[in-house]
Amino acid sequence: MDFIPFQLNIKGRLLDLSTPVVMAIVNVTPDSFYGLSRMNSDKDVLKTVEKVLNDGASIIDVGAYSTHPASRHISEKEETDRLTKPLKAIRSHFPEAIISLDTFRSGVARWAVENFDINIVNDVSGGTLDDYMFETVADLQIPYVLMHMKGTPQTMLQFTDYKNMMSEILGFFEKKSVQLVHLGVKDIIIDPGFGFSKTTEQNYELLAKMNYF
């Protein structure tokens, strides 16, 4: 049987994932974990996007809600306010770019898809922080990044005790994937969530057992 490379269907546009592709992170937050990734203006955003695309990135992942443990919780309105100008600028200057939105809120996801033609939803909570996320992604018919995390970004480091970490994470993905497929989501990317509800040692264990996924 001939090998059929795995492809991500982005509204009829197929992205070949038979070899690894790069998703470049563009943070439009004032308090992102990595200081040098913080964007202070639309000009900074466009300069960064241009550079990463020229460097070979296939996907631009834009996030406006900082998820490191010391970050503060913001409202949905503040999240969309932070996103409006950067997403408008990126879509205007790079109309063919594949844009992923890093959000755990279904309302923000729908707003971004409808207003800026966002291509992928990247949910750090794996649908655990918004009961309508799975239904929304299914309705929008776009690929979904299903990540494993326990708790919230502010509390996740309190949830690093596992009886069997790999078994629990794999069980999480199995259950959530079945729910997504049942709703009609066809393109699912799983993310084991390095650093989210995991200690340094647990991150190394995840890395050593990536073949389990």
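**Examining the side chain of N122**
Point 1. By the element assignment, N122 lies in strand β6 (residues 120-123).
Point 2. A polar contact is formed between the side chain of N122 and the side chain of D61, at a distance of 3.3 Å.
Point 3. Apart from residues no more than four positions distant in its own chain, N122 is found in contact with M23, D61, S100, L101, D102, T103 and V145.

**Describing the sheet that holds strand β5 (residues 98-102)**
Point 1. Overall, parallel pairing links the 6 strands, which are arranged β3-β4-β5-β6-β7-β8 in an open sheet. Of all strands in the sheet, those bounded by a partner on one side alone are β3 (23-27) and β8 (188-191). The average angle at which neighbouring strand axes cross in this sheet is 25°, direction not considered.
Point 2. The sheet contact formed by strand β7 (residues 144-147) and β8 spans 4 bridges and is parallel. Pairing of L146 across the sheet is with I190, part of β8.
Point 3. Lying over the sheet, helix α1 (residues 42-54) contacts β3 and β4 (59-63), oriented at roughly 170° with respect to β3.
Point 4. Set on the sheet, helix α5 (residues 165-183) makes contact with β7 and β8; between it and β7 the angle comes to about 150°.

**Some details on the packing of helix α2 (residues 76-93) against helix α3 (residues 106-116)**
Point 1. At a minimum axis separation of 11 Å, α2 and α3 run at an interaxial angle of 25°. Judged by the angle between their axes, α2 and α3 are roughly parallel. Relative to α3, the crossing made by α2 is right-handed. Across the interface between the two elements, E76, E79, T80, L83, T84, L87, K88 and R91 of α2 pack against G107, V108, W111, A112 and F116 of α3.
Point 2. Here the residues of the contact of α2 with α3 are counted per class, giving 6 nonpolar, 3 polar and 4 charged.

**Examining the packing of aromatic side chains**
Point 1. The tally for this structure, following the rule as stated, stands at 5 aromatic pairs.
Point 2. Their ring planes at 75° and their centres at 4.9 Å tell us that Y65 and F104 sit as a pair that is edge-to-face. Pair noted here: Y65 is in the loop between β4 and α2 and F104 is in the loop between β5 and α3, with a separation of 39 residues, a long-range link. Assigned by exposure class, Y65 and F104 land together as buried.
Point 3. Aromatic side chains F134 and Y144 sit 5.6 Å apart centroid to centroid with 80° between the ring planes, which places their arrangement in the edge-to-face category. A residue pair is termed long-range when its members are at least 10 positions apart, and F134 in helix α4 (residues 133-140) and Y144 in strand β7 qualify at 10 residues.

**Some words on the pairing of strand β2 (residues 13-16)**
Point 1. As paired strands, strand β1 (residues 7-10) and β2 are joined by 4 bridges and run antiparallel to one another. For I10, the partnering residue across the bridge sits in β2 and is R13.
Point 2. What sits between β1 and β2 in their antiparallel hairpin is a turn of 2 residues, with K11 showing a positive phi close to 55°.

**Examining the nonpolar core**
Point 1. By size, the foremost hydrophobic cluster in this structure holds 43 residues, and its most contacted members are V62, L83, L87, I118 and Y144.
Point 2. It is α5 that contributes the most residues to this core, 6 residues altogether.
Point 3. In this structure, F104, V124, M156 and F196 belong to the second largest nonpolar core, which totals 8 residues.

**Describing the pattern of salt bridges**
Point 1. Summed over all chains, the structure comprises 10 salt bridges.
Point 2. As a salt-bridge pair, D139 and R110 come within 3.0 Å of each other at their nearest N and O atoms. Here D139 is found in helix α4, whereas its partner R110 is found in helix α3, with 29 residues between them in sequence.
Point 3. Classification of D139 by relative accessible area gives exposed; the value is 51%.
Point 4. On the basis of relative accessible area, R110 is assigned to the partly exposed category, the value being 27%.
Point 5. In the salt-bridge network here, residues are joined through shared partners; they are R72, E78 and R82.

Cut-off values and rules
- Residues numbered from 1 in each chain as written.
- Predicted model: local features only at pLDDT ≥ 70, side-chain atom pairs only at ≥ 80, totals over all residues.
- Heavy atoms only, no water.
- Helix = DSSP H or I, 4+ residues; strand = E, 2+ residues; numbered from the N terminus.
- Polar contact = N/O pair within 3.5 Å; in protein donor to acceptor, adjacent residues only side chain to side chain.
- Contact = heavy atoms within 4.5 Å.
- Pairing = 2+ DSSP bridges.
- Axes fitted to C-alpha atoms, helices over the stretch in contact; angles between N-to-C directions.
- Parallel < 35°, antiparallel > 145°, perpendicular 65-115°, else oblique.
- Left-handed = near helix turned anticlockwise from the far one by under 90°.
- Nonpolar A, V, L, I, M, F, W, Y, C, P; charged D, E, K, R; others polar.
- Phe/Tyr/Trp six-rings, centres within 6.5 Å; stacked < 30°, edge-to-face > 60°.
- Buried < 20%, exposed > 50% of the residue type's maximum accessible area, 1.4 Å probe, protein only.
- Core = buried A, V, L, I, M, F, W, Y, C linked by side-chain atoms within 4.5 Å.
- Salt bridge = Lys/Arg side-chain N within 4 Å of Asp/Glu carboxyl O.

Purely geometric numbers; function is a separate question.
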